[in-house]
Amino acid sequence: MRTVKAEQIVDAVAKMCVSANRYLPEDVKKRFEECAAAEESPAAKEVFRQIKENWELAAESGLPLCQDTGLAVYIVEMGEDVHVEGMNIRDAINEGTRRGYEEGFLRKSACDPLTRANTKDNTPAIIHFDIVPGDRIKIFFMAKGGGSENMSRVTMLAPAQGWAGIKKFVIERVAEAGPNPCPPTMVGIGIGGTFEYSALLAKKSLMRKVGEPSSDPEIARLEAELMEDLNKLGIGPMGLGGKTTVFDVKIEMRPCHIASLPLAVNIQCHSARHEEVEL
Ligand code: SF4
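Residues numbered from 1 in each chain as written. Predicted model: local features only at pLDDT ≥ 70, side-chain atom pairs only at ≥ 80, totals over all residues. Heavy atoms only, no water.

Trainee: Could you clarify how one ought to interpret the packing of helix α6 (residues 162–177) against helix α8 (residues 217–231) in this entry?
Mentor: Each pair of packed helices can be summarised by the angle the axes make with each other and by the distance between the axes. In the contact formed by α6 and α8, the axes pass within 10 Å of each other and the chain directions differ by 40°. If you check the angle between α6 and α8, you find them oblique. Every pair of crossing elements has a handedness; the one defined by α6 and α8 is right-handed. Along the contact surface, α6 presents W163, K167, V170, I171 and V174, while α8 presents L222, E225, L226, D229 and L230. (Axes fitted to C-alpha atoms, helices over the stretch in contact; angles between N-to-C directions. Helix = DSSP H or I, 4+ residues; strand = E, 2+ residues; numbered from the N terminus. Parallel < 35°, antiparallel > 145°, perpendicular 65-115°, else oblique. Left-handed = near helix turned anticlockwise from the far one by under 90°. Contact = heavy atoms within 4.5 Å.)

Here it is, written out as structure tokens:
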């Protein structure tokens, strides 16, 4: 059994919170350069120029990429042959979040859902655990902005609605969302499982790097098909029209009950801040 000290987790998480909010990931930047080159409309090109200027300014100045520095969302792959010493891993991740958001001068967005009283340290973080083989701990972090999260939906389709029904729901959702989730967006789709598991699948799909299709060739084909259809909507960057309404589509699919077809659509904005660390 391998041992990881809780303090290592606190440090790594605190660093991730700050750097993810400051530096747009390379996979996202690369895709934006490609999309900008393909755009013909001056407005769309100008939005991509501003997005680039924003990521350069954030990196140079140390200011966050967006004023909404998000709820801290983590997906943790916990090896079955590793144990954490000194603190419970959930407490360590929350402590790292607290420290990162404080030391990085990042806005604290977590609040009581009814009183709206701010918890003042951006905790509790949203943490999902997976137990995996091995002796490593892999932590995926996402700073999830409220604007794009608010445009996300879960629904239970009838099984007979199939792929046609899934496509219709996703396209309608992105169309209704319009400029609200700060497009271009990345659309994470969870198909199958149960009501709550489909939402988790959608969230997990957003942790996959931009430009990395599903390892299942048939699902990869569906991702490409949906991306093409979504970009025909013409909403464009920041809703000003153009070829890039979405810059990536990810699908995660699992078996479900014979009577159900759960579907979740989790939208990520252009400030697609994600990072990962392995300990
Ligand atoms: S949706 Fe994204 S880009 Fe828009 S305000 Fe929220 S975090 Fe910022």
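That covers the picture; the talk isn't over yet.
Trainee: Even after reading the chapter, I still don't get the pattern of salt bridges, so can you show me in this structure?
Mentor: Opposite charge on two side chains permits them to pair, given that their charged atoms come into close proximity. Counted by the stated rule, this structure contains 31 salt bridges. Between E40 and K243 there is a salt bridge; the shortest N-O distance is 3.2 Å. Of this pair, E40 sits in the loop between α2 (26–38) and α3 (42–61) while K243 sits in the loop between α8 and β8 (246–256); the two residues are 203 residues apart in sequence, bridging distant segments of the chain. For K243, a relative accessible area of 43% corresponds to the partly exposed category. (Salt bridge = Lys/Arg side-chain N within 4 Å of Asp/Glu carboxyl O. Buried < 20%, exposed > 50% of the residue type's maximum accessible area, 1.4 Å probe, protein only.)

Trainee: What should I look at first to understand helix α4 (residues 89–103) in this one?
Mentor: End to end, α4 covers 21 Å across 15 residues, agreeing with the expected 21 Å (1.5 Å per residue, within 8%). Summarising the contacts, the buried residues of α4 are in contact with α1 (6–22), β2 (71–79), β3 (82–85), β4 (126–132) and β5 (137–144). The backbone nitrogen of R90 has a side-chain oxygen 2.7 Å away, supplied by the residue at the start of α4, namely N88. Taken from the residues just after α4, F105 is the one with a positive phi, measuring 55°. (Expected span 1.5 Å × (residues − 1). Polar contact = N/O pair within 3.5 Å; in protein donor to acceptor, adjacent residues only side chain to side chain.)

Trainee: Could you clarify how one ought to interpret the packing of α2 against α3 in this entry?
Mentor: Close contact between α2 and α3 brings their axes to 9 Å; oriented N to C, the two are set at 155°. By the angle between their axes, α2 is roughly antiparallel relative to α3. Between α2 and α3 lies a crossing of left-handed hand. Residues K29, F32, E33, C35, A36 and A37 of α2 form the contact with α3, whose participating residues are K45, F48, I51, K52 and W55. Looking at side-chain class alone, the contact of α2 with α3 contains seven nonpolar, no polar and four charged residues. (Nonpolar A, V, L, I, M, F, W, Y, C, P; charged D, E, K, R; others polar.)

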